[in-house]
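As a plain string of letters, each chain reads:
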Amino acid sequence: MNMKGYKLILPLLLQFFVGVIGAQGQGNLLYYNKVDTMKFQNRFNLKTDAVGWLTLTPNLGLEFSLGNKNWNQWTVGVYGRANWDVNTRTKSFYVYNIYGGRVEVRRYWHAKIPKRAFYVGLFAGANSFDIKFGNTGKKGISFVGGPMVGTVTQLYGYMNGASLDLDLGISPGVMFADMHDYQRFYKDGKYYYSATSSNTGYKISFSPWVYASSIDAVHISLVYHFGTKLANRYKNRNLIDNDYRLAVEKEKIRRDSVHTAQVKEKRIHMDSLAKADYERRFEEQRLENEKEYAQDSLRKENKALKEKQMIEREEAKQRADSLKEVARQKAIEEKANAKITADSLKLVEKTKQFEEKERAKLKADSLKYAAKERARELKERKAMERENAKRAADSTKVAKEIEKQQKEADKVKDENSKSTEEVEQSQTPKTEDSSVPEKEKENQNTENSDNALVDNLIPDSRQLVNEMKRAVIFMAVKEAKENTLKSLEASSSSDKGATQTPTMATFQTAIETY
Amino acid sequence: MKMVTKKIGLLLILLVGMTTNMQAQTFAVNSNLLFLASQTYNLGAEITVGNHTTLGLSVFANNKPYFLKNMRVVGVQPEFKYYFGGRPLYHHYVGIGLLGADYSITLGNRTYDGTAWGGGMTFGYVIPLSKRWNMDFHTGVGVIFSHHKEFMKDESDLLLNDNTKAKDGFWEYRILPTNIGVTLSYTIW
């Protein structure tokens, strides 16, 4: 009975373990969008190729992720297959024995579908083969290598995180093979294989069956990923690793900012260069302009100076001319004045002489007259008063006559001035001078007779007359002088020589009047 | 006899214990259409034993089928299948199967007569056609040990590598497809 109970415990224990394993499998959580660290054992995946099984070749592949994060995309793998020589008892007609191994490097990435990944990779392998599908078989060793490309699709994901995936891939390549041919022979109830050619040595070969079996170009593999399923492997790190993304972005920003700074710096540098160049050119231009301006201003100044000098010279010339003119006029005037003065002096002297002579004559006459008077006084004292009245009437008559003469003299003077102007070119002052005294003498003679008569009659009235004469002469001289000046002013610009003649004529008239 | 019944009882307890967490037990009968096409009559049954697993058994037999006049085969194939999908009898599966067969075949000038025992791995895919009907595509490879006698038609002796006579019978093993077929199955309950 004891024995029986003990035996019953075993299945119960087994049951318990099965249940525990199931529970653990369900405990795994599924998360795909965060960084996941895989355990070492979960970094492996197992695979087997259906094409290999179809060719009755057991095969197994093992792949290992190079990183322990779920963003790791690189794997290395080994793959082996063997179809060994099981027909140990007879030599069969058909032979397909192959031992092969290859190593692979793959890089995976996900497309849009999470349950599908793509890969590219490289493979290299070696095979030992013995293939006979006809009368002639080939046996040898081959080395293969080439690229591979394919896709892995998740078929099933399990609660424990693992997944079963389908891997469809092609891996074309080249084959270097060293092989020989053989055939099967029958002799005495027994079959033999016998080589029909020697080894070819390693060279590129495309012998169809050998190539196809060695390259193993088409794979339809079932893959079992441990730990975490395909959708959580080979992920784009940028999409799941925030820190990494941030770091990358930061680095990018840093590089960008550095780049921007560099660009800015470069631009500033270039700008400064351009600015400096511009400033230099501006300075050059400015200097040139200044130089030009200075030259211009200098030229202008010189021109202005020249003009000023010319004006000054003109002015000086004008001044000199006017001075000269003034001097000339002054000289003329002085000359005229001098002449007038001389003339008047001469006249005065002449008059003085004449007066003196007259006075002497009058003195003599008066002395003579006094003697006669005393004699006659007595005789003629009675008739004297009668005669006095008569004389007074006479004197008034004489005065009127003098006045008349004066008027006549004025008239003559006007006529003379006119005539002198008309005949100034033909007549010479010398001839005039020579003619004047004769007339004067005649006039004097006439006057003398008159004067004597007057003097004789009334000495007081004679004095009065003399004073009047003097006044008249003075008036005449003054008038003549004014006339001369007027005529001089009028004829200053024209003839100089002719100006003197009217003066002389006026004097003459004045003297005549006198 | 008493001991045998005790053992069977234990086995049953074990089986029941392992299937306690089953949601529903289904039972299906099936037949391989490819075998039928080669005039090999066959019938199989499959029962779920877990969330992903089934146990199955099929028998097949033929006698002088149309493509080979001198052929007679009787065989049985038990198989344990693991379905990767969410439930049994659905989509991908792998199976581990055994094979036992008795055969007598004449090919060309040789006749093979003997028995074969083997085991292999099957990979298959089940497409549900309706609620009860399923179509199962599968193929399997395995190692088959066989013991047979090989006769020549002209009664001459065929020598093996070790110079023994083939008609005395000998063991050998080969890697062979153990399971190829398209199976139509009907789920009874």
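Residues numbered from 1 in each chain as written. Chains lettered and ligands numbered in written order. Predicted model: local features only at pLDDT ≥ 70, side-chain atom pairs only at ≥ 80, totals over all residues. Heavy atoms only, no water.

*Asks:* Break down the overall build of chain A for me, with residues and values.
*Replies:* When its secondary structure is counted, chain A shows eight helices and eleven strands. Looking at chain A as a whole, 29% of its 514 residues are labelled buried. Contacts spanning at least 24 positions in sequence make up 68% of the contacts within chain A whose residues lie at least 6 apart. For chain A, the computed accessible surface area is about 34200 Å², with 59% contributed by carbon and sulfur atoms. (Helix = DSSP H or I, 4+ residues; strand = E, 2+ residues; numbered from the N terminus. Buried < 20%, exposed > 50% of the residue type's maximum accessible area, 1.4 Å probe, protein only. Contact = heavy atoms within 4.5 Å. Areas by Shrake-Rupley, 256 points an atom, 1.4 Å probe, with all protein chains shown as cover.)

*Asks:* How would you summarise the overall build of chain B if you had to cite specific residues and measurements?
*Replies:* Scanning chain B from terminus to terminus reveals two helices and eight strands. Element order for chain B, N to C, with α for helix and β for strand: α-β-α-β-β-β-β-β-β-β. Split into buried and exposed, the 189 residues of chain B put 41% on the buried side. In chain B, 57% of the contacts between residues at least 6 apart in sequence involve partners at least 24 apart. Carbon and sulfur atoms make up 67% of the accessible area of chain B, which amounts to about 10400 Å² in all.

*Asks:* How would you sum up the packing of aromatic side chains? Please name residues and give values.
*Replies:* Residue and element names in this part refer to chain A. Taken as a whole and judged by the stated rule, the model has 22 aromatic pairs over all chains. Look at Phe44 and Phe64: their rings are 4.8 Å apart centre to centre, the planes differ by 40 degrees, and that puts the pair in the tilted class. Of this pair, Phe44 sits in strand β1 (residues 44-49) while Phe64 sits in strand β2 (residues 59-65), placing them 20 residues apart in sequence. In this structure Phe64 comes out as buried when scored by relative accessible area, which is 19%. For the pair Tyr108 and Tyr234, a centre-to-centre distance of 3.9 Å together with 5 degrees between the ring planes defines the contact as stacked. Here Tyr108, found in strand β4 (residues 95-110), pairs with Tyr234, found in the loop between β11 (218-225) and α4 (237-240); they are 126 residues apart in sequence, far enough to count as distant. In this structure, Lys132 is placed above the aromatic ring of Phe93, and the distance from its NZ or CZ to the ring centre is 3.9 Å. (Phe/Tyr/Trp six-rings, centres within 6.5 Å; stacked < 30°, edge-to-face > 60°. Lys NZ or Arg CZ within 6 Å of the ring centre and 35° of its normal.)

*Asks:* Requested: an account of the side chain of Asp165 of chain A, with residues and values cited.
*Replies:* Residues and elements named next belong to chain A. Tracing the sequence through the fold places Asp165 in strand β7 (residues 163-170). Among buried charged residues, Asp165 stands out as having no salt bridge; its nearest opposite-charge side chain is Arg233, 6.5 Å away. Of note is the side chain of Asp165, whose polar atom sits 2.3 Å from the side chain of His225. Among all residues touching Asp165, those that are not within four sequence positions of it are Val152, Thr153, Gln154, Leu155, Ser221, Leu222, Val223, His225 and Leu230. (Lys, Arg positive; Asp, Glu negative; His and termini not counted. Salt bridge = Lys/Arg side-chain N within 4 Å of Asp/Glu carboxyl O. Polar contact = N/O pair within 3.5 Å; in protein donor to acceptor, adjacent residues only side chain to side chain.)

*Asks:* Describe the environment of Pro78 of chain B, listing the residues and the values that go with them.
*Replies:* Residue and element names in this part refer to chain B. Counting through the fold element by element, Pro78 comes out in strand β4 (residues 71-83). Sequence spacing of Pro78 and Ser58 is 20 residues, and the spatial spacing of their C-alpha atoms is 6.3 Å. Each residue touching Pro78, except ones within four places of it in the same chain, is listed here: Gly56, Leu57, Ile96, Gly97 and Leu98.

*Asks:* Let's hear about the sheet that holds β4 of chain B: which residues, and what values?
*Replies:* All names here are of chain B. The strand order β1-β2-β3-β4-β5-β6-β7-β8 describes a closed barrel built from eight strands, whose pairing is antiparallel. Between one strand axis and the next, the sheet turns through 25 degrees on average, direction left out of account. Taken together, the eight bridges between strand β2 (residues 41-48) and strand β3 (residues 53-63) define a ladder with antiparallel strand orientation. Counterpart to Gly44 in the pairing with β3 is Ser58. (Pairing = 2+ DSSP bridges. Axes fitted to C-alpha atoms, helices over the stretch in contact; angles between N-to-C directions.)

*Asks:* Could you give an account of the pattern of salt bridges, naming the residues involved and the relevant values?
*Replies:* One pass over the structure, following the stated rule, counts 24 salt bridges over all chains. Linking Arg286 of chain A and Glu290 of chain A is a salt bridge whose minimum nitrogen-to-oxygen distance equals 2.4 Å. Taken together, the positions of Arg286 of chain A and Glu290 of chain A, both in helix α5 (residues 242-423) and four residues apart, correspond to about one turn of that helix. We classify Arg286 of chain A as partly exposed; its relative accessible area is 32%. Here Glu46 of chain B makes a salt bridge to Lys81 of chain B, at a shortest N to O gap of 3.4 Å. Pair noted here: Glu46 of chain B is in strand β2 and Lys81 of chain B is in strand β4, with a separation of 35 residues, a long-range link. Judged by its relative accessible area of 5%, Glu46 of chain B falls in the buried class. Its relative accessible area of 8% is what places Lys81 of chain B among the buried residues.

*Asks:* Summarise unusual backbone geometry; cite the residues concerned and give the values.
*Replies:* A positive phi angle, near 55 degrees, is found at Asp216 of chain A, a position not held by glycine. As for its placement among the helices and strands, Asp216 of chain A is situated in the loop between α3 (208-215) and β11. Judged by its relative accessible area of 8%, Asp216 of chain A is buried. The backbone of Leu89 of chain B shows a phi angle near 60 degrees, a positive value even though the residue is not glycine. Within the element layout of this structure, Leu89 of chain B appears in the loop between β4 and β5 (91-107). Classification of Leu89 of chain B by relative accessible area gives buried; the value is 8%.

*Asks:* How would you summarise the confidence of the model for chain B if you had to cite specific residues and measurements?
*Replies:* In the predicted model, chain B carries a mean pLDDT of 85, and the fraction of residues at 70 or more is 87%. As a predicted assembly, this complex carries a pTM of 0.54 together with an ipTM value of 0.72. (pLDDT = per-residue confidence, 0-100.)

*Asks:* So what's going on with the nonpolar core? Which residues, and what values?
*Replies:* All names here are of chain A. In terms of nonpolar packing, the biggest core is built from 18 residues, with Tyr108, Phe129 and Met175 touching the most fellow members. Only β4, β5 (116-132), β6 (136-157), β8 (174-187) and α3 provide two or more residues apiece to this core. Broken down by element, the residue count for this core peaks at five residues, all from β5. Apart from residues lying up to four places away in sequence, Tyr108 is in contact with Glu63, Gln73, Thr75, Ala117, Phe118, Tyr119, Val152 and Tyr234. (Core = buried A, V, L, I, M, F, W, Y, C linked by side-chain atoms within 4.5 Å.)

*Asks:* Just give me the short version of the environment of Ala336 of chain A, but keep the residues and values in it.
*Replies:* Residues and elements named next belong to chain A. Along the chain, Ala336 turns up in helix α5. The exposure class of Ala336 is buried, given its relative accessible area of 15%. The spacing of Ala336 and Lys481 is 145 residues in sequence and 9.4 Å in space, taken between C-alpha atoms.

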